[in-house]
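A look at the structure
So you can see what is in the structure, the chains are spelled out below.
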Amino acid sequence: MDPKAPLFHDLEQALLEYDNDAAVKAAQAIVDGGLDVMAAVDVASAAINMVGDQFQRGDVFLPELMLAGETMKQCMAILAKGLGAQGGLHRLGKVVIGAVQGDIHDIGKNLVATQLGIKGFEVVDLGVNVPPMEIVERAEREKADVIALSALMTTSMPYQRDVINVLTEMGLRDKFFVIIGGGPVTVEFARMAGADGWAPNAPMAARLCERLVSNANRPPLRETVVQE
Amino acid sequence: MAINREKLLTVLDRAHKGPICKQFDWDTRVIPRSIATKLKEYGLQKRCDPANPVNQDLELADRFFQAALDLAAEVGMLCLDTQRVIKFSREELLAGLEAAPAEFTLGDGKQAAMFRHRGLADPTPPIWVSPLSIAVSEDVFLPLVEGIAAVPEVDCLEGPSLQTVWGADLRAGSPYELLAGKLQADLFYEAIRRAGRTGIGLYAVGTSPTHYGVLGGYGIPGGYRPAHDIVLVLSQVEIKTSYENLFKVAQAYNCGGMTYGGSWSMIGGYAGGPEGSALSCIACTILLYNVYQCVNGASFPYDLHYMGNCGRSALWSLSLVFEALSRNTHLCLNSVLNQTAGPATEMLLYESAVGMTALAACGTTSCTGPRSAGGKYSNHITPLEVRFAGEVFKKAAGMTIGQANDVANCLLPKYEALLGQAPKGQSFAECYDVAALKPSAEWQGMYDKVKGEAVKAGLPLV
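Residues numbered from 1 in each chain as written. Chains lettered and ligands numbered in written order. Predicted model: local features only at pLDDT ≥ 70, side-chain atom pairs only at ≥ 80, totals over all residues. Heavy atoms only, no water.

**Structural notes on the overall build of chain B**
Defined as follows: Strands here are runs of E lasting at least two residues and helices are runs of H or I lasting at least four, both read from the DSSP assignment and numbered beginning at the N terminus. For this measure, only C-alpha atoms enter the radius of gyration; the expected value for a globule follows 2.2 Å times N^0.38, where N is the number of residues. Classification of residues uses two cut-offs on accessible area relative to the type maximum, computed with a 1.4 Å probe and protein chains only: under 20% is buried, over 50% is exposed, and between them is partly exposed. Contacts between residues were defined by any pair of non-hydrogen atoms, one from each residue, lying within 4.5 Å. Per-residue and other accessible areas follow the Shrake-Rupley method at a 1.4 Å probe size, with only the shown protein chains counted as cover for residues. Counted charges follow a simple rule, with Lys and Arg positive, Asp and Glu negative, and His plus the chain ends left uncounted. Think of each charge as sitting on NZ of Lys, CZ of Arg, CG of Asp or CD of Glu.
Scanning chain B for helices and strands turns up 15 helices and 19 strands. For chain B, whose C-alpha radius of gyration is 20 Å, the value lies close to the compact-globule estimate of 23 Å for 462 residues. Taken along the three principal axes of its C-alpha coordinates, chain B extends 60 × 50 × 35 Å. Put simply, chain B has 462 residues, and 63% of those count as buried. Considering only contacts in chain B between residues 6 or more positions apart, those separated by 24 or more positions represent 80%. Of the roughly 14500 Å² of accessible surface on chain B, a fraction of 54% belongs to carbon and sulfur atoms. Averaging the coordinates of the 39 positive side-chain charges in chain B and doing the same for the 45 negative ones gives two points 2 Å apart.

**Focus: the packing of helix α3 (residues 37–57) of chain A against helix α5 (residues 107–119) of chain A**
Residues and elements named next belong to chain A. Condition: Note on definitions: angles span 0 to 180 degrees between N-to-C directions of axes, and those axes are lines fitted to C-alpha atoms, for helices only across the stretch in contact. By convention the crossing between two helices is left-handed if the near helix lies anticlockwise of the far one by an angle smaller than a right angle, and right-handed if it lies clockwise. Only Asp, Glu, Lys and Arg are considered charged, only Ala, Val, Leu, Ile, Met, Phe, Trp, Tyr, Cys and Pro nonpolar, and every remaining residue, Gly among them, polar.
At a minimum axis separation of 9 Å, α3 and α5 run at an interaxial angle of 140°. The crossing of α3 and α5 is left-handed. Taking contact as the criterion, the partners of I48, N49, G52, F55 and Q56 in α3 are, on α5, L111, Q115 and I118. Partitioning the contact of α3 with α5 into residue classes produces four nonpolar, four polar and no charged.

**Section: the interface of chain B and chain A**
To be explicit about the condition: Accessible surface is computed with a 1.4 Å probe, and the buried area is the amount of it that two parts give up when combined, taken over both parts together. What counts as a salt bridge is simple: a side-chain nitrogen of Lys or Arg found within 4 Å of a carboxyl oxygen of Asp or Glu. Here a polar contact is taken to be a pair of N or O atoms separated by no more than 3.5 Å, where protein atoms must pair a possible hydrogen donor with a possible acceptor and residues adjacent in sequence count only if both atoms sit in side chains.
Between chain B and chain A, the residue contacts involve 29 residues of the former and 26 residues of the latter. Buried surface at the junction of chain B and chain A, both sides included, amounts to about 2400 Å², of which 65% is carbon and sulfur. Counting across the chain B and chain A interface gives two salt bridges. Summed over the shared surface of chain B and chain A, the number is eight residue pairs in polar contact (both at pLDDT 80 or more). Elements that contribute at least two residues to the side of chain B that touches chain A include exactly α2 (23–41) and β14 (258–267) of chain B. Broken down by element, the side of chain B that touches chain A gets its largest block of residues, six residues, from α2(B). Partitioning the side of chain B that touches chain A into residue classes produces 12 nonpolar, 10 polar and seven charged.

**Section: the packing of aromatic side chains**
Residue and element names in this part refer to chain B. Threshold: Two aromatic rings from Phe, Tyr or Trp, using only the six-membered ring of Trp, form a pair when their centres are within 6.5 Å; if the ring planes differ by under 30 degrees the pair is stacked, by over 60 it is edge-to-face, and anything between is tilted.
With the rule as written, the count across this model stands at nine aromatic pairs over all chains. With 6.3 Å between their ring centres and 65° between their planes, Y243 and F247 make a pair best called edge-to-face. Placement of the pair is Y243 and F247 together in helix α8 (residues 243–255), with a separation of four residues, close to one helical turn. A residue is classified by how much of its surface remains accessible, and Y243, at 30% relative accessible area, is partly exposed.

**Some thoughts on the nonpolar core**
Inclusion rule: As used here, the term nonpolar core means buried Ala, Val, Leu, Ile, Met, Phe, Trp, Tyr and Cys residues forming a set that is joined through side-chain atoms within 4.5 Å.
L11(A), F64(B), L157(B) and I282(B) are the most contacted members of the largest nonpolar core, which has 220 residues in total. Setting aside residues no more than four positions away along its own chain, I282(B) makes contact with F64(B), F65(B), A68(B), L320(B), V321(B), A324(B) and L325(B). If you look at the next biggest cluster of nonpolar residues, it comprises 29 residues, including V124(A), A151(A), Y159(A) and F189(A).

**Focus: the pattern of salt bridges**
Residue and element names in this part refer to chain A. Going through the model one piece at a time under the given rule, you end up with 32 salt bridges over all chains. Residue R57 pairs with D59 through a salt bridge whose shortest N-O separation is 2.9 Å. Of the residues examined, R57 reaches a relative accessible area of 55% and is grouped as exposed. Each of K94, E122, R138 and E142 takes part in a single network of salt bridges with overlapping partners.

**So, the environment of G445(B)**
Relative to the helices and strands, G445(B) resides in helix α15 (residues 441–456). Separated by 99 residues in sequence, G445(B) and E346(B) have C-alpha atoms that sit 9.6 Å apart.

**Considering the sheet that holds strand β5 (residues 197–198) of chain A**
Residues and elements named next belong to chain A. Basically, it comes down to this: Paired strands, in this sense, are two strands between which DSSP finds at least two bridges.
Pairing in this open sheet of six strands is parallel, and the strands run β2-β1-β3-β4-β5-β6 from one edge to the other. In the strand order of this sheet, the two ends are held by β2 (122–125) and β6 (225–226), each with one partner. Note: strand β1 (residues 94–99) against β2, four bridges, orientation parallel. For V96, the partnering residue across the bridge sits in β2 and is V124. Strands in contact with helix α6 (residues 132–142) are β1, β2 and β3 (146–150); relative to β1, the strand with the most contacts, it is inclined by about 165°.

**Remarks on the sheet that holds strand β5 (residues 127–130) of chain B**
Residues and elements named next belong to chain B. Reading across from one edge, β15-β14-β12-β11-β7-β5-β17-β16 is the order of the eight strands in this open sheet, with parallel pairing throughout. What marks the edges here is a single partner per strand, and that holds for β15 (296–303) and β16 (334–336). Of the strands in this sheet, β5 and β17 (366–368) touch helix α12 (residues 383–395), which is tilted by about 160° from β5.

**A few points about the packing of helix α4 (residues 62–83) of chain A against α5(A)**
All names here are of chain A. Short version of the rule: The cut-offs work like this: below 35 degrees is roughly parallel, past 145 is roughly antiparallel, 65 to 115 is roughly perpendicular, and the gaps in between are oblique.
Where α4 contacts α5, the two axes come as close as 9 Å, and the packing angle between them is 45°. By the angle between their directions, the pair α4 and α5 is classed as oblique. Considering how the two elements wind past one another, α4 and α5 form a crossing that is left-handed. Contact residues: L62, L65, M66 and G69 in α4; I107, N110, L111, T114, Q115 and I118 in α5. Classifying every residue of the contact of α4 with α5 by side-chain character gives six nonpolar, four polar and no charged.

**Digging into α2(B)**
Rule in force here: Expected helix span is computed as 1.5 Å times (number of residues minus one).
Between its first and last C-alpha, α2(B) extends 25 Å over 19 residues, near the 27 Å set by a 1.5 Å rise per residue. Structurally, α2(B) contributes buried residues whose contacts are with α4 of chain A together with α3 (58–75), β1 (77–79), β2 (84–86), β13 (240–241) and α9 (274–291) of chain B. One or two positions beyond α2(B), positive phi appears at G43(B), with a value near 65°.

Right under this line is the structure:
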């Protein structure tokens with residue numbers, strides 16, 4: 001199937017213009033028309049990566065990135081259904097992400113969630129101010145591969161460690177990689193808390209998750225992986 | 001100025017009955033689209049001039065103010081707990097600004113600090129509120145605060161923050177915060193007694209980001225004093241509030257106290273580039289003074305890519321925000337300067353020299369800072385950078401925006417390439433004799449060197 005066919009072009013353009021309705025319509029038409037859904041996934045991934053690059057260069061800003069990310073999420077849900085008949089969609093893994101209890105800052109968490117989506121992860125965003133037990137329960141229910149925890153305040157950082165402690169005490173620590181980050185969260189704190197990974201910014205956090213899930217070693221890792 | 005009950009009840013009512021708006025729509029559609037529309041309507045697009053990091057176009061600043069007033073009346077402020085918008089008419093907003101005081105006092109006795117509205121190039125010395133709420137361990141908290149309070153340029157204290165409460169982790173939103181509210185007041189009073197600064201005004205409660213610290217420490221016996229100290233109310237980005245903030249206002253009202261209203265906008269974030277961020281900050285400031293009835297404060301921009309506001313575009317945006325607000329209101333405006341380098345680095349001092357000069361020239365009444373090492377590392381704050389920033393801020397009073405621009409252009413090349421990778425520097429204990437409260441020879445040498453360079457750049461520091 002020619003990935004330059006009109007519907008593929010429509011999908012690409014809609015993603016580049018953060019036009020949710022048009023993108024969803026194009027994705028659905030591709031599935032309904034029996035076109036090569038995997039080629040559509042490639043087209044959509046390339047488009048969303050372009051938006052990510054534009055953000056890194058400062059050509060577009062956070063709202064555009066978030067809108068493109070949300071549009072991509074909806075398109076992928078449609079394409080994934082379509083792929084059922086064509087062998088299924090390969091995702092890198094599933095990440096449950098949230099800003100921990102006591103922390104209502106969402107920009108950093110949103111950036112990481114969007115970058116993870118761009119990378120090809122399925123992302124379950126729990127929002128902000130999420131208690132440790134709720135994070136653990138959702139990670140279990142979602143059968144997540146990675147738990148990503150954001151904190152922008154020193155007073156919310158203890159809750160990142162609490163999530164790891166809850167996992168350990170409930171005998172679940174070997175089921176999830178745990179990465180932590182945020183303004184005041186240093187690599188030293190990540191090591192002390194027993195996190196599997198730490199990264200200084202959103203693109204690095206996405207690379208970190210890719211590195212963790214493709215690693216042969218299972219959690220908990222003996223040393224915190226630092227992605228810089 | 002006492003908080004007006006009728007206005008407070010009106011705000012609470014609108015927080016429950018205003019138009020519904022989901023946060024995702026607010027962040028990704030309402031705010032960016034409204035800002036983009038206003039920038040276009042008022043011809044404010046692509047006006048950032050990195051060659052002049054302190055904005056020189058005052059007509060442009062005035063146009064930004066008018067656009068921001070329109071924006072504030074159009075969008076209002078989103079309450080996160082109810083997902084409803086607290087809206088005001090243009091007339092209500094202007095009346096709210098008019099009702100805010102042009103001067104007020106914090107502290108008492110010999111330590112009383114008079115805050116007055118300042119214009120551009122105003123020779124009135126601005127007020128130095130120091131430091132920001134950087135986390136500090138309990139073992140050095142008292143000597144550090146004593147050292148900072150002993151700096152003569154410091155007029156009021158806000159931080160630092162306690163990292164623990166009697167050895168226990170301080171957790172946001174937990175009972176520890178209630179304990180921390182009172183503990184921080186106790187420690188502040190002991191530190192300022194030791195420093196001979198009893199009576200100095202305090203901002204409450206830097207340690208506790210939620211309302212619990214204020215409930216636990218403000219207006220209770222032995223706690224922060226409503227007649228002399230002020231409640232910190234920090235609004236969420238972008239132009240959002242929450243019950244946490246409104247609890248603080250209600251507690252200030254109950255105690256007969258005053259509020260400080262602060263927020264920020266990230267360049268590269270929801271508001272877009274430096275122009276959008278400036279517009280958002282001005283609009284947010286107008287709303288802060290209406291929603292919180294604050295006597296001091298403002299919203300300020302900083303750059304998402306290096307989490308500071310001492311680079312060219314952020315400085316341009318920062319200077320324009322305060323030019324616009326100073327020229328078009330009588331408010332007692334406060335800014336925050338976000339440095340990125342840590343103590344015992346020349347870069348921290350250069351960032352302070354550039355930023356504090358710009359703020360003094362652009363009409364801020366007060367500034368809170370420094371944010372040494374970006375506020376990222378525990379115990380990375382010392383009295384010496386507090387003193388340097390305060391000296392610059394006070395001595396730069398009376399400088400014009402042209403002179404401030406010259407200083408910025410002279411000193412920015414000394415650090416701007418490092419903004420994304422600023423040095424962490426050293427902790428208080430690493431670069432200070434904690435018992436004697438004396439900086440290391442190396443740190444003192446950096447201070448002397450940068451002060452000399454700042455004088456050469458045109459700052460009247462001698």
